[in-house]
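# A structural walkthrough
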Amino acid sequence: RRPAHRSRRAPPSPLARGGRERSGMQQVLRQIQEAVEPVLERSLTKRRRQEFLASAGPLFLCLTFIEDALRVLLRWKEQMSYMTVTMRMSGWLGGLLLIFSLVTQMTGSVLVLRPKEVKPSRVKVGCYTLLAFVFLQPFMYGQARDADFMCRSVTLAGGLLLLIWSENDRKQRSEDMGLPSGMESTSSDRLQLCGRVLLTFLFFFQAVYSENGGMHRLWTAPSLFGLISFVVLAGLAGMVCAGFKTEWSALLLCGILFLSNLYMYPFWSIREGLRDFYRYYFFQTLSIIGGLMLLALHGPGGISLDKGMKKAI
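## Side note on the overall build of the chain
Scanning the chain from N- to C-terminus turns up 13 helices and zero strands. What you see in the chain, going N to C, is helices and strands ordered as α-α-α-α-α-α-α-α-α-α-α-α-α. The long-range fraction of contacts in the chain, counting pairs at least 24 apart against all pairs at least 6 apart in sequence, stands at 71%. Carbon and sulfur atoms make up 64% of the accessible area of the chain, which amounts to about 19,100 Å² in all.

## Digging into the pattern of salt bridges
For the coordinates displayed, the defined rule picks out ten salt bridges. With its nearest N and O atoms 3.3 Å apart, the salt bridge here joins Glu272 to Arg75. Of the two residues, Glu272 is situated in helix α12 (residues 272–298) and Arg75 in the loop between α2 (46–74) and α3 (76–86); the sequence distance between them amounts to 197 residues. For Glu272, a relative accessible area of 47% gives the class partly exposed. By sharing partners, the salt bridges in this structure join Arg75, Glu78, Glu272, Arg275, Asp276 and Arg279 into a single network.

## What to know about the side chain of Ser166
Position of Ser166 relative to the elements: it lies in helix α6 (residues 147–174). The exposure class assigned to Ser166 is buried, which follows from its relative accessible area of 8%. Within the structure, Ser166 has its side chain in polar contact with the backbone oxygen of Leu163 (distance 2.7 Å).

## Regarding the state of the cysteines
Taken as a whole and assessed by the stated rule, the structure comprises zero disulfides. Cysteine Cys62 is unpaired, with the sulfur of Cys127 as its nearest cysteine sulfur at 7.2 Å. We classify Cys62 as buried; its relative accessible area is 1%.

## Some details on the nonpolar core
Counting residues in each nonpolar core, the largest one holds 60 residues, and the members touching the most others are Phe65, Cys127, Leu160, Leu163, Phe203, Leu253 and Leu292. A per-element tally of this core places α12 first, with 14 residues.

## Some details on the environment of Ser188
Tracing the sequence through the fold places Ser188 in helix α7 (residues 181–199). Judged by relative accessible area, Ser188 falls into the buried class, the value being 11%. Separated by 20 residues in the primary sequence, Ser188 and Asn168 have C-alpha atoms spaced 7.6 Å apart.

## What about the packing of α3 against helix α4 (residues 91–113)?
Direction vectors running N to C along α3 and α4 enclose 125°, while the axes themselves pass 9 Å from each other. Considering their axes alone, α3 and α4 lie oblique with respect to each other. At the point where α3 passes α4, the crossing takes the right-handed sense. Touching Trp76, Gln79, Met80, Met83 and Thr84 of α3 are Gly91, Gly94, Gly95, Leu97, Leu98 and Ile99, all from α4. When its residues are assigned to classes, the contact of α3 with α4 shows six nonpolar, five polar and no charged.

## Describing the side chain of Gln105
The topology assignment puts Gln105 in helix α4. Reaching out from Gln105, the side chain makes a polar contact with the side chain of Asp68 at a distance of 3.0 Å. A distance of 2.8 Å separates the side chain of Gln105 from the side chain of Ser101, its partner in a polar contact. If near-sequence neighbours (up to four positions away) are discounted, Gln105 is found in contact with Thr64, Phe65, Asp68, Ala69, Leu130 and Phe133.

## Remarks on α3
Within the span of α3, buried status applies to Gln79, Met80 and Met83. One side of α3 carries all its buried residues, which in axial view fall inside an arc of 100°. Residues of α3 that are exposed and angled more than 90 degrees away from the buried face: Lys77 and Val85. Elements in contact with the buried residues of α3: α2, α4 and α5 (123–140). Looking one or two places after α3, you find Arg88, whose phi comes out positive at around 60°.

Cut-offs used in this document
- Along each chain, residues carry numbers from 1 onward, in the same order as the chain's sequence is written.
- Since the coordinates come from a predicted model, pLDDT governs what is reported: local features require at least 70, and pairs of side-chain atoms require 80 or more to be given and counted, while whole-chain, interface and lining totals use all residues.
- Processing note: side-chain calculations cover all non-hydrogen atoms of the structure and skip hydrogens and water entirely.
- In DSSP terms, a helix is any run of H or I states spanning at least four residues, a strand is any run of E spanning at least two, and both are numbered starting from the N terminus.
- Residue contacts are counted whenever heavy atoms from the two residues lie within 4.5 Å of one another.
- Reported accessibility uses the Shrake-Rupley method at a 1.4 Å probe radius. Residues are deemed covered only where the shown protein chains occlude them.
- By convention in these notes, a salt bridge is any Lys or Arg side-chain nitrogen within 4 Å of a carboxyl oxygen on Asp or Glu.
- Residue exposure (1.4 Å probe, protein chains only): buried if accessible area is under 20% of the type maximum, exposed if over 50%, otherwise partly exposed.
- Definition of a polar contact: a pair of N or O atoms within 3.5 Å, with one able to donate and the other able to accept a hydrogen when the atoms are protein atoms, and with sequence-neighbouring residues admitted only if both atoms are side-chain atoms.
- Two cysteine sulfurs form what is called a disulfide whenever their separation falls within 2.5 Å.
- To qualify as a nonpolar core, a set must consist of buried Ala, Val, Leu, Ile, Met, Phe, Trp, Tyr and Cys residues joined through side-chain atoms within 4.5 Å.
- To obtain an axis, a line is fitted to C-alpha atoms, over the contacting stretch when the element is a helix, and the angle between two such axes runs from 0 to 180 degrees between their N-to-C directions.
- Here the angle decides the label: under 35 degrees means roughly parallel, over 145 means roughly antiparallel, 65 to 115 means roughly perpendicular, and every other value means oblique.
- Crossing handedness is read from the near helix: turned anticlockwise from the far helix by less than a right angle, it gives a left-handed crossing, and turned clockwise, a right-handed one.
- Gly counts as polar in this scheme, as do all residues outside two lists: the nonpolar Ala, Val, Leu, Ile, Met, Phe, Trp, Tyr, Cys and Pro, and the charged Asp, Glu, Lys and Arg.
- The arc in question is the one traced by the directions running from the helix axis out to the C-beta atoms.

Put into structure tokens, the structure is as follows:
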């Protein structure tokens, strides 16, 4: 009796196995996409984005002032030593300036960040208070000849001007200010343009003079990374300055600045002697990010390429 014939299937070829594996991977990716897309659609809507920027922008803008004021309060002896030894001031003058620094920064930050339900609003008063401190700070601490410090101060001033402009715009929308609309619009647009231009000072400075990708670095030590850094920084800063694709160019600058901040100023892992320096620059960079958030939230104003394109359309 002959045994029943059993058909033998050939083992799957490597190509067939690879096709099934790719098919399985595509199915997994499709499932992930289907799960993530609804979440992103809910969380990245324009309304959600604006709500986040409206809350985070002023907070980030004030962080450097709050941190500096707390440092004066909690490390008084070190601050007094700097004013009397390094700056060669008398004890009473150094103490008076430190008290002025503490009170000015905390008062301005509280006025900017206090809840909107508290009437009347004092955001503009807080901004002008912080602007006065930004102007005086380089002379108080002997940093007026430090180009990087001065560029950061100018950039901070730009963020504060944008906050003043947004407050003016909010009031203009909610009540009649009794002025011709053309005059209001022109003065408001000029203020916004001034804030926008000042906000880009640091980026142009970094694009030209930075040791990690500035234009001068391309001459001394040419590299692909240096070229890309220069092109990206100068290009995005130019777009923000001109008011072209302002929202997304400002948000992209926020992301780049945040990542570079983590890389360049990790104060939590630095030895004690440099920790204060790194912490100060870390929080100051966060405040510049806050100014960019405000620009992304409120737009470039009337004097911009974006506005001109809309009128042309």
